Amino acid sequence: EGSFRPLVLGIETSCDDTGAAVVDDHGNVVGDALNSQTKTHVELGGIIPPIARDLHQKNIDSVVTQALELAIVNLQDLDAIAVTVKPGLALSLRVGLQHAKMLAQQSGLPLIPIHHMEAHALTTRMIERVDFPFLVLLASGGHCLLAVARDVSDFLLLGTGLDDSPGDAFDKTARQLKLKNLPECEGLSGGAAIELLAKGGNPRAFPFPQVMTQLPDCHFSFSGVKFAAKKLIEAEEARLNTSPSSVVSSAPDICASFQYAVLHHIARRLQRAFLFCELTNLLPKDKTLVVSGGVASNSYLRSGLQQVCEMNSCNLVCPPPHLCTDNGIMIAWNGMEKLLQGTGCTHDLETLDIEPR
Ligand code: KG4
Ligand code: ZN
């Protein structure tokens, strides 16, 4: 016997995670499967799109099958299939959409095209009540943005990243530091490795240049911090006579100072967003900020942002880390919200395409 609740299958392949999950309209995850490519990409020193595509292709069928098996449902028990179509790597997005189209063809189910960032922004609503409108900050390997979420499919963008993503700054800095050579960083993303080392370092040890302080907007830039970290690491390696394969002994201080610089930049942009929303009455008195994305799973950043929120009488909501990173759950839930609103479903497989940018 199938469930009486509506069920949506979500498929995510926009970057380097192959994810599939089935959720119901109460936000229960009835089946969830994920194949992360992080390990491969860390070993190769970055995401190489054709390799990401090949891994998606290799794993998508078993990931979807596993999610359905865990949910103990067949395709016929579902109400729709949600799939990420933007933004992301073209080669990666295509694998997910093609697979979703094949399943839709097999089953006659409608497809729901999903915007990856919108899905990140709304994931938290599956576990707790957050009413529109609310402010949302996404900081991940692909993006950084501040937006007002006004409805399921209505977002006002306040600011975006102008250059490198914060995740990229974390990943490149971790690589420059060769943190993957440390046993305690085994299997961790660059960001998680830096967070770990920073716990034993002094955030004031090294000054970082402050970024964009003169620009009165909510955009982000992380290339300056990334470049400053690169120079600092080179200088420290020379000063401390570090051998080419080892991690410089001042790495904890470098990580802590770098992390502090990233927090400082994000906190300033957030403060501007609060000011703007106040002037334009975009948010209710009882304000909420939702913070999500892989970088936002950093607990040092979270506690810093908590302070900014307190100064602005804002309630900070952070989805649990496993819901902050890329997975099929967030796509399935976004599909469910659209399904419940009666929007977003399509049977027109022909015209449905990816929009990488
Ligand atoms: O949202 P996400 O899982 O995926 C994409 O955006 O594709 O974000 C991944 C990024 C990576 O750059 C990773 O280094 C970073 O999030 N990240 C972190 C932490 N955990 C993951 N950055 C800072 N601190 C962390 N604890
Ligand atoms: Zn993401």
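Since the structure is predicted, the reported quantities are computational estimates derived from the model, not experimental observations.

K.L.:
I'd like a description of the overall build of the protein chain, backed by residues and values.
P.N.:
In terms of helices and strands, the protein chain carries 11 helices and 10 strands. For the protein chain, the C-alpha radius of gyration of 21 Å lies close to 21 Å, the compact-globule estimate for 357 residues. Reported as C-alpha extents along the three principal axes, the dimensions of the protein chain are approximately 65 × 50 × 35 Å. Each of the 357 residues in the protein chain was classed as buried or not, and the buried ones make up 52%. Across the protein chain, the fraction of contacts at a sequence separation of at least 24, relative to all contacts at a separation of at least 6, is 75%.

K.L.:
I'd love a proper account of the UniProt feature "domain: Gcp-like" (unreviewed entry) in the protein chain, names of residues and values included.
P.N.:
Under the local residue numbering, the UniProt record ascribes the feature "domain: Gcp-like" (unreviewed entry) to residues 29-333. Regarding residues 29-333, the helix share stands at 48% and the strand share at 17%, and the terminal C-alpha atoms are separated by 9 Å.

K.L.:
I'd like to hear about the domain arrangement of the protein chain, residue by residue, with values.
P.N.:
When the domains of the protein chain are assigned, the result is domain 1 (7-125 + 324-341) and domain 2 (129-318). The partner domain 2 presents 23 residues to the 18 residues of domain 1 that form the contact. Within the residue set of the side of domain 1 that touches domain 2, elements represented by two or more residues are helix 1 (38-44), helix 4 (116-122) and helix 11 (328-341). Top element by residues in the side of domain 1 that touches domain 2 is helix 4. It accounts for 5 residues. Considering only residue class, the side of domain 1 that touches domain 2 consists of 6 nonpolar, 7 polar and 5 charged.

K.L.:
So, the site of ligand 1: which residues are in play, and what are the values?
P.N.:
In the neighbourhood of ligand 1, 19 residues make up the surrounding shell, with Ser140, Gly167, Gly191, Gly294 and Asn298 lying closest. Taken together, the elements giving at least two residues each to the shell around ligand 1 come down to helix 5 (166-176) and helix 6 (190-198). It is helix 6 that contributes the most residues to the shell around ligand 1, 4 residues altogether. When residues are assigned to domains, the shell around ligand 1 turns out to be shared by domain 1 (7-125 + 324-341) and domain 2 (129-318), each giving three or more.

K.L.:
Would you mind going over helix 3 (residues 90-107) in detail, with residue names and values included?
P.N.:
Between its first and last C-alpha atoms helix 3 spans 26 Å; for 18 residues at 1.5 Å apiece the expected length is 26 Å, and the two agree. Taken together, the buried positions of helix 3 are occupied by Ser92, Leu93, Val95, Gly96, Leu97, His99, Ala100, Leu103 and Ala104. Contacts made by the buried residues of helix 3 are with strand 1 (7-12), helix 2 (49-71), strand 4 (80-86) and strand 5 (111-115). Downstream of helix 3 by a residue or two, glycine 108 has a phi angle that is positive, lying close to 80 degrees.

K.L.:
Run through the packing of helix 6 against helix 8 (residues 251-280), naming residues and quoting values.
P.N.:
Helix-helix packing is described using two parameters, namely the angle between the two axes and the distance between the axes. At a closest axis distance of 7 Å, the pairing of helix 6 and helix 8 adopts a crossing angle of 110 degrees. It follows from the interaxial angle that helix 6 and helix 8 lie roughly perpendicular. Judged by the twist between their axes, the crossing of helix 6 over helix 8 is left-handed. The segment helix 6 lies against helix 8, with Ile194, Glu195, Leu197 and Ala198 engaging Ala251, Pro252, Cys255, Ala256, Phe258 and Gln259. Grouping the amino acids of the contact of helix 6 with helix 8 by side-chain chemistry returns 8 nonpolar, 1 polar and 1 charged.

K.L.:
How would you explain the packing of helix 2 against helix 3 if you had to name every residue and give the values?
P.N.:
Packing of helix 2 against helix 3 leaves a shortest axis separation of 8 Å and a crossing angle of 25 degrees. If you check the angle between helix 2 and helix 3, you find them roughly parallel. Note that helix 2 runs across helix 3; the crossing there is right-handed. Across the interface between the two elements, Pro49, Pro50, Ala52, Arg53, His56, Gln57, Ile60 and Val64 from helix 2 touch Leu91, Ser92, Val95, Gly96 and His99 from helix 3. Tallied by class, residues from the contact of helix 2 with helix 3 come to 7 nonpolar, 5 polar and 1 charged.

K.L.:
Please give an account of unusual backbone geometry that cites residues and values.
P.N.:
Of note, the bond from lysine 86 into proline 87 is cis; its omega dihedral lies within 30 degrees of zero at -25 degrees. The residue proline 87 is located in the loop between strand 4 and helix 3 in this model. A cis amide bond links phenylalanine 132 with the next residue in sequence, proline 133, at an omega value of -5 degrees. With respect to the helices and strands, proline 133 occurs in the loop between helix 4 and strand 6 (134-139). Positioned with a positive phi, isoleucine 72 is a non-glycine residue whose angle comes to about 50 degrees. Mapped onto the secondary structure, isoleucine 72 falls in the loop between helix 2 and strand 4. Its identity as a non-glycine residue notwithstanding, serine 313 has a phi of 45 degrees, on the positive side. On the secondary structure map, serine 313 appears in the loop between helix 9 (299-311) and strand 10 (314-317).

K.L.:
Pulling in residues and values, what's your account of the sheet that holds strand 7 (residues 144-151)?
P.N.:
Here 5 strands make up an open sheet; going across it, the order is 8-7-6-9-10 and the pairing mixed. One side of each edge strand has no neighbouring strand; the edge strands of this open sheet are strand 8 (154-160) and strand 10. Geometrically, the sheet is characterised by an average inter-axis angle of 25 degrees between neighbouring strands, direction not taken into account. Pairing of strand 6 with strand 7, which is carried by 6 bridges, proceeds in the antiparallel orientation. The residue of strand 7 that forms the bridge with leucine 138 is leucine 145.

K.L.:
An account of the environment of proline 209 is requested, with residue identities and associated values reported.
P.N.:
Mapped onto the secondary structure, proline 209 falls in the loop between helix 6 and helix 7 (223-239). For the pair proline 209 and glutamate 128, spaced 81 residues apart in sequence, the C-alpha separation works out to 38 Å. Among all residues touching proline 209, those that are not within four sequence positions of it are Gly224 and Ala228.

Cut-off values and rules
Residues numbered from 1 in each chain as written. Chains lettered and ligands numbered in written order. Predicted model: local features only at pLDDT ≥ 70, side-chain atom pairs only at ≥ 80, totals over all residues. Helix = DSSP H or I, 4+ residues; strand = E, 2+ residues; numbered from the N terminus. Rg over C-alpha atoms; globule rule 2.2 N^0.38 Å. Buried ≥ 20, exposed ≤ 12 C-beta atoms within 10 Å, placed from the backbone. Contact = placed C-beta atoms within 7 Å. UniProt positions renumbered as here; feature names shortened; annotations may be inferred. Domains from an automatic or database assignment. Nonpolar A, V, L, I, M, F, W, Y, C, P; charged D, E, K, R; others polar. Near = placed C-beta within 6 Å. Expected span 1.5 Å × (residues − 1). Axes fitted to C-alpha atoms, helices over the stretch in contact; angles between N-to-C directions. Parallel < 35°, antiparallel > 145°, perpendicular 65-115°, else oblique. Left-handed = near helix turned anticlockwise from the far one by under 90°. Pairing = 2+ DSSP bridges.

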